[in-house]
Each structure stands twice: as C-alpha cells, then as structure tokens.
Amino acid sequence: MSIDIQIKELDEQPAMKVVALKGELDILGGKEFGKIILPLIAEGNFNLISDLSQLEYINSTGIYWLMRCFSILREKGKTFKLVGIKEQIKEVLEVVGITKIIPTYTTLKEAIADRKGIK
Amino acid sequence: MSNDVDNQLKKKILELLTISDVIKKLNLSLDLDIGTIIDTFLQSSAGLFLIEKSALILFMDMSKTTYVQDNDKNFEKEINEMRGQIEEIYLRLKEKQGCLLANNLEENWIKSKFRAAGIELLVPMFLRKELKGIYLVGNRINKEAYQKEEIDFLFAFANQGIVSIENAHFFQLLQQHMKELVVANEITAAINAGLDTETLLDMVMGALLEMLGAHAGFIVIFGGNKEVLFFIHRGLDEQKRNTILKSRDTAGIINKSLNLGSDDVFTFYTESASFAEKDIFMDDSKNPSYWFGRCLFIRKENMVGVVGLSKKEGEMLSDKEVSLFLTLTNQFVMIVLNARLYELAITDGLTGLFVHRYFEQRLKEEMSRARRYSYSISVIMMDVDQFKRCNDIFGHEIGNMVIKKVGSIINLSIRKNEDIPCRWGGDEFAIILPETDKKGALILAERIRKNIEILKFYKDGKPINVSISAGIASFPADAVDEKDLIDQADNLLYQVKKAGGNKVFLK
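Definitions and limits used
Residues numbered from 1 in each chain as written. Chains lettered and ligands numbered in written order. Predicted model: local features only at pLDDT ≥ 70, side-chain atom pairs only at ≥ 80, totals over all residues. Heavy atoms only, no water. Helix = DSSP H or I, 4+ residues; strand = E, 2+ residues; numbered from the N terminus. Buried < 20%, exposed > 50% of the residue type's maximum accessible area, 1.4 Å probe, protein only. Contact = heavy atoms within 4.5 Å. Areas by Shrake-Rupley, 256 points an atom, 1.4 Å probe, with all protein chains shown as cover. Polar contact = N/O pair within 3.5 Å; in protein donor to acceptor, adjacent residues only side chain to side chain. Buried area = accessible area lost by both parts, 1.4 Å probe. Salt bridge = Lys/Arg side-chain N within 4 Å of Asp/Glu carboxyl O. Nonpolar A, V, L, I, M, F, W, Y, C, P; charged D, E, K, R; others polar. Axes fitted to C-alpha atoms, helices over the stretch in contact; angles between N-to-C directions. Parallel < 35°, antiparallel > 145°, perpendicular 65-115°, else oblique. Pairing = 2+ DSSP bridges. Core = buried A, V, L, I, M, F, W, Y, C linked by side-chain atoms within 4.5 Å. 1 Å grid on protein atoms, 1.4 Å probe; cavity = no way out; pocket = protein on both sides within 12 Å on 5 of 7 lines; lining within 4 Å. Points joined across faces, edges and corners; volume = space filled by probe spheres on them. pLDDT = per-residue confidence, 0-100.

**Quick word on the overall build of chain B**
Secondary structure summary: chain B contains 15 helices and 18 strands in total. A total of 507 residues make up chain B; the buried ones form 50% of that total. Long-range pairs, those at least 24 residues apart, make up 64% of the contacts in chain B with a sequence separation of at least 6. With the model as given, the accessible surface of chain B reaches about 25500 Å², and the carbon-plus-sulfur share is 51%.

Below, the structure is given as structure tokens:
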C-alpha cells in the first residue's frame, strides 16, 4: 500500500549510501522508489546498500525495481547489495532467483565489510 | 528432488499471484492511461523472470504503438527500426498461435537482427483471434534460457494483458468521441446564436488544439485579391504570426500548402523549412516541432484558407485524430460560408452599406439598449438632391456612380463598428448613431455633407454637382420610439428640401 524511503550517506570510502525501505514494494511502492532512487543513482557516483529489514511485502514489480538499481549501478562500476531481508521476502527473492545476482547479507556491518567488487 | 518440486510450486504460486495482482490493479481503474498499464505489465514480467530488456508493439490504431521496458529511448528507436522485420513474423505468429524463439527463426538475417537487439522470444498477443500485439522478450539478467513453463506463462500473461490494454484504448476512444460530440454541439449552437465569424473560428481552433494535442495553430482565409479576410491564431507570438503571414508570398508554409492544390492533410517538418521560417518549427521551450494542416477551398465565394497546427516532433497523429481534424476543419468552411451568406443578406450590393431591413432591426436593438442604459441615440436621414434629374440628364450609369460614391463617403465618415449606415432605398440613406446626441450627429452630418459637396463628377466634359440634404432627430430629446424618431428626421429632411437642399436640419 505505501512505502517509506530513507537515504543515508555512510562514512566510507569509496562513497556508499544506504536506502532503507519500510512498508511494501509493489506496483505503487516500486514507482515511488524508482522516482526517488533512479535520479540519485544516475547523477551520483556511489555504491548502494538497500536495507530491507522493515520491508513487509514485495511482488514481481518490486523485484523489477531492485533489478533495475542493480543493472544501472553495475553499468557504472558500482555495487548494489541487499541487507536484513525478512524470511517471507527472502523466499520470494530466492524463488525468482535474484539472490543469485544481487548479494544479500544479514547485517549492514557484513555488507560494508565485504569489499568484493568495490573499486 | 523434493527441493526442486518445492521450488517449482513456489514459483507457480508466485506467477499466479502476479497475474492476479496486476490484473486486479489494471482493471480497477478504467481510466488508467495505456502507458501505465503497459509499464505495469512489462515490469511485472521483468521482475518475475529477471528480464533485462523487453518491448511491446501494438497493432492498434493509436498514436504510440511501441513501448519499451525502462522507457529506454535508444531501445525504442531500435525496435521501431525493426518494425518491418517484426511484421514479417506477424503471419507466422498468427499461424502458430504460440511463441517463437528468435534462435529458431529460419531467416538468418532476421535472426541476427533480433540477436543484435537482445531479443530472445516473441510472444503473440491475441484478442478474439486477431493478433493485436507482440511482446518482445529480451535476455535475462542471469543469462538463463527460457523454460517451456516460463514461455507458457508469458504467453498466458501477455494474452491477459492485451485485454486490459484494449479496454483502456476503447475507454479513451469513448471519451474522445464524447468530447467530439460535445464540441460539435457547442459549435452548432454558437453558429445558431449568431456569434460573429471570428469568435466561431476561434472556438473551432481552440477545440482543434485541445483534441489533437497541438501547442499552436492558425487559420488564415484569403479573399479574391489575396487580402486576408480572417487570421485566427493561438499559441503564436507576434514574430511567429508575421512569419506565417509572410509565407503567403515566400516559399513558406502557406505558399507551399496552397501549391499542393488539394485539401488533403499536409505535414511539414523542420528539414523542409527555409531559414526565415525556422522560428515556427520550435515551440516556446525551443523543442523541435512540425506542422500539419490542410487547405480549405471555398470556391463559391472565391476564398481560400489554410489551417495549420503544430505539435512536438515525435508526437504523430493517429488515423482517428486525422479524421477528427478533417471533420472539425470542415466546420471552418461552414462557418465562413455562413458568415458570408449573412453578410450578403444584410448589405446593399452597390454601396456595401446595410440594407433597410437590417437598419430597422438594428434600430430596434439600439433603442432598447438606449432605454436600458439611459443614453441618447440619433438618426440622420439623407438623400441626394435632384437625383431624379441627374439620372434623367446623365443616365443611370452616372446615377449609380453617384450613389456608390455617396455611400463610400458615408462609410468613411462614420465610426467603424459603432454607427450603422444604410442605404434606405434609391437615393436615400440613413445612419443610426448610438450614444450620440444631436450635437454629435450634427458634426457628422455636416462633415458628410461637405465631403459630398466638394465631389467632382464629369460627363462629356460637363460637370455634375452633387449635394445631399439631411435631417437629424434624437431620442429621448425629440422622439419616444423608433417610428417617431424616423418620422421626425424625415420631416426635417423634407424641410431641407423645401429650403433648397444641401443643408442639415435638426429640431
């Protein structure tokens, strides 16, 4: 039904941001997410971590938006990671197979520590 | 093994949920625009199968028939360039009634085109056995091939999606048709209400701009001598208006369209524009735009018009919009003809002044206004002195020339669009002067009298002197109603005649 999006800059080098999603990433939520995150990624030059610990629901459109973030960042030579995914969300992501593409972590600390792919 | 089955099951459930989710959303709001519906469809599919690029092409009468995932303009261009190859596959898809893998195509050249564009699968979208669209599915982010079950799902999903798309399309058409009916009614009512030609033309222009999504437009109508009878415009600044008017004589938009010699729709792009015209091929935000329009031949009245509308480049007209354009511009012709007919009915052929009947109608209206707003109104009754004698001596041809000249002087002397001059009959003239008292009427009458007095006519070297007599009456000073007003003025005119003519009398 609705989504809350919070973006935080991390004190890391190279540049890294965290986008925390709260609520539902569906048709409407995804559109809202895209409206905010895409221009940011297009203009910026940072690696992105998506904190999904407060995400209650995701459907295929939501997955589309995660995939899109990943593709754009990959093209820019940047990384995209998912963190804190709830069990029911994780199941959906695994069935679709996106967890094989986008790295997932239990905690933010782990995600930051893994420097693979970070230039 | 059971893990595999478990996964398959979960996937199936997810697919079903997706269909129900999306279709529920799409069918809930009838007035969702087609772009949103298609985006939803493409995004759901993409999310479910991790499709990196995809597109949808439609075979429907719409202004936009190619949609791509992510609104990627470069990919959209690529797909549009491939329309020819895609339509070649059309029949095969129709026969097969199922999906085609690009790799399995026989023609190598088409196969390589698809491969280069990243398209792996062609999914036909059927509606009532007709092929209404093709869903072009590209490669997946995990590079995996599409399994049979996945292809089957995409086929089912796409054939659900096309129903929503067509519903939205029909709803849009319905709304458009309703709008057209409303506009046609409004214009007809306005014509019947006797609104002036310029207002009517402006109404139709407004309707055209709104319905066809144009940001600027003009209609220019030329009379027999190339003189501009009407120039209605919207969304054009002074410089652009000048560019358009000048293009009658240069190799510009008006000249080019008239030279086409037909009333079919023409389209002009910026490439064909001369340097002097470049400004009209851009909208106010400097986006490139193009012009489309048609000529209007009103042969019966020796008039010709050009209607032009400007849209942003890339925004083409659908067949329905072209048809609407033709209907509405035909209205222009009707309006102008109607105005012309009315003009002919109320003007005297020789002098161009109004006829007696119109004068009476207007006097009634002006008296009513004068009473309501408590102001004066004056009437001047005039006739040419010794006119019968002039006719007898010099002939009717000279007589007509005199009448015409007197009429012209009256026309030039009055306040345009305020005073109402008429040829009362034969050699008699009358003028209604709204919001004018006796003093004001006298000034005008005297001016006319003097200008006629100094006229010089000659026949066979013999000079012809022309003069007029005039009587003035005013409301409420001299008369209580229309008849009284005319009678009073007429009486005074008679007295001028008795006094030798070439004078103006008032009470």
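**Points about the side chain of Ser45(B)**
Residue and element names in this part refer to chain B. Mapping Ser-45 onto the fold places it in helix α2 (residues 34-49). Accessibility expressed as a relative area gives 0% for Ser-45, which makes it buried. A polar atom in the side chain of Ser-45 sits 3.0 Å from the side chain of Tyr-135. Once residues lying within four places of it in the same chain are set aside, the contact partners of Ser-45 are Leu-50, Ile-51, Tyr-135, Leu-154 and Phe-157.

**As for the interface of chain B and chain A**
Each side of the interface is counted separately: chain B has 21 residues, and chain A has 20 residues. Across the chain B to chain A interface the summed buried area is about 1900 Å²; carbon plus sulfur atoms make up 63%. Considering only the surface of chain B that becomes buried against chain A, Gln43(B), Leu50(B) and Ile141(B) emerge as the three largest contributors, covering 30% of it. Across the contact surface, chain B and chain A share two salt bridges. Residue Glu52(B) is joined to Arg74(A) by a salt bridge in which the shortest nitrogen-to-oxygen separation is 3.1 Å. Scanning the region where chain B abuts chain A turns up five residue pairs in polar contact (both at pLDDT 80 or more). Of all the elements in the fold, those that place two or more residues in the side of chain B that touches chain A are α1 (2-28) and α2 of chain B. Here the side of chain B that touches chain A gets eight residues from one element, more than from any other, and that element is α1(B). By residue class, the composition of the side of chain B that touches chain A is seven nonpolar, eight polar and six charged.

**Looking at the packing of helix α6 (residues 148-192) of chain B against helix α7 (residues 197-212) of chain B**
Residue and element names in this part refer to chain B. α7 packs onto α6 with a crossing angle of 175 degrees between their chain directions and a minimal axis gap of 10 Å. As summarised for this structure, α6 and α7 are arranged roughly antiparallel, according to the angle between their axes. Two secondary-structure elements touch here, α6 through Lys-179, Glu-180, Val-183, Glu-186, Ile-187, Ala-190 and Ile-191 and α7 through Leu-200, Met-203, Val-204, Ala-207, Glu-210 and Met-211. Grouping the constituent residues of the contact of α6 with α7 by class yields nine nonpolar, no polar and four charged.

**Observations concerning the sheet that holds strand β14 (residues 428-434) of chain B**
Residues and elements named next belong to chain B. Spatial strand order, β11-β13-β14-β12-β17-β18: six strands in an open sheet with mixed pairing. The two strands at the open ends of the sheet, each matched to only one other strand, are β11 (354-355) and β18 (504-506). Inspection of the sheet shows strand β12 (residues 377-384) paired to strand β17 (residues 468-475) by eight bridges, in the antiparallel sense. For Met-382, the partnering residue across the bridge sits in β17 and is Ala-470.

**A few points about the side chain of Lys132(B)**
Along the chain, Lys132(B) falls in strand β5 (residues 130-138). Residues within four places of Lys132(B) in sequence aside, it is in contact with Ile57(B), Leu58(B), Phe59(B), Met60(B), Met125(B), Leu127(B), Ile162(B) and Glu166(B).

**Considering the pattern of salt bridges**
Residues and elements named next belong to chain B. Under the defined criterion, the tally for this structure stands at 30 salt bridges over all chains. Between Glu-166 and Arg-128 there is a salt bridge; the shortest N-O distance is 2.9 Å. Taken together, the residues span a long stretch of sequence, with Glu-166 in helix α6 and Arg-128 in the loop between β4 (119-127) and β5 at a distance of 38 residues. Residue Glu-166 is classed as buried on the basis of its relative accessible area of 4%. Between Asp-202 and Arg-234 there is a salt bridge; the shortest N-O distance is 3.1 Å. With Asp-202 in helix α7 and Arg-234 in strand β7 (residues 228-234), this pair connects stretches of sequence that are 32 residues apart. Accessibility expressed as a relative area gives 32% for Arg-234, which makes it partly exposed. Through salt bridges that share partners, Arg-362, Glu-365, Glu-366 and Arg-369 make up one connected network.

**Side note on the nonpolar core**
Residues and elements named next belong to chain B. Among the nonpolar cores identified, the biggest contains 70 residues, and Leu-56, Tyr-135 and Ile-165 are the most heavily contacted of them. In this structure, Ile-165 is in contact with Ile-34, Ile-37, Ile-38, Leu-56, Leu-58, Met-60 and Met-125, ignoring residues within four places of it in sequence. Ranked by size, the runner-up nonpolar core spans 33 residues in total, among them Ile-232, Phe-292, Phe-325 and Leu-328.

**Quick look at the layout of surface pockets**
Residues and elements named next belong to chain B. The calculated volume of the largest pocket comes to roughly 1200 Å³. Forming the boundary of the largest pocket are 32 residues, of which Glu-343, Ile-346, Phe-354, Tyr-358 and Asn-417 lie nearest the centre. Going through the elements one at a time, α7, β7, α10 (319-346), α11 (356-373) and β13 (420-425) are the ones with two or more residues in the lining of the largest pocket. Per element, the largest residue contribution to the lining of the largest pocket is eight residues, and it comes from α10.

**Quick look at the confidence of the model for chain B**
For chain B, mean pLDDT is 88; residues scoring 70 or higher make up 98% of the total. Here the predicted complex scores 0.64 on pTM and 0.93 on ipTM.

**Observations regarding the packing of α6(B) against α10(B)**
All names here are of chain B. With their axes 12 Å apart at the nearest point, α6 and α10 run at an angle of 0 degrees to one another. Classed by the angle they form, the pair α6 and α10 counts as roughly parallel. Contact with α6, carried on its side by Leu-173, Gln-176, His-177, Glu-180, Val-183, Ala-184, Ile-187 and Ile-191, involves Lys-320, Glu-321, Leu-324, Leu-328, Gln-331, Met-334, Ile-335 and Asn-338 of α10 and no other residues of that element. Here the contact of α6 with α10 is built from residues that sort into nine nonpolar, four polar and three charged.

**Remarks on unusual backbone geometry**
Residues and elements named next belong to chain B. Following Phe-475, the chain continues into Pro-476 via a peptide bond in cis, with omega recorded as 5 degrees. Tracing the backbone through its elements, the reader meets Pro-476 in the loop between β17 and α15 (482-498). You will see that Lys-129, though not glycine, has its phi angle at about 70 degrees, which is positive. Locating Lys-129 in the fold gives a position in the loop between β4 and β5. The phi dihedral of Lys-286 falls on the positive side, at around 65 degrees, and the residue is not glycine. Relative to the helices and strands, Lys-286 is located in the loop between β8 (266-268) and β9 (289-298). Residue Lys-286 is classed as exposed on the basis of its relative accessible area of 61%.

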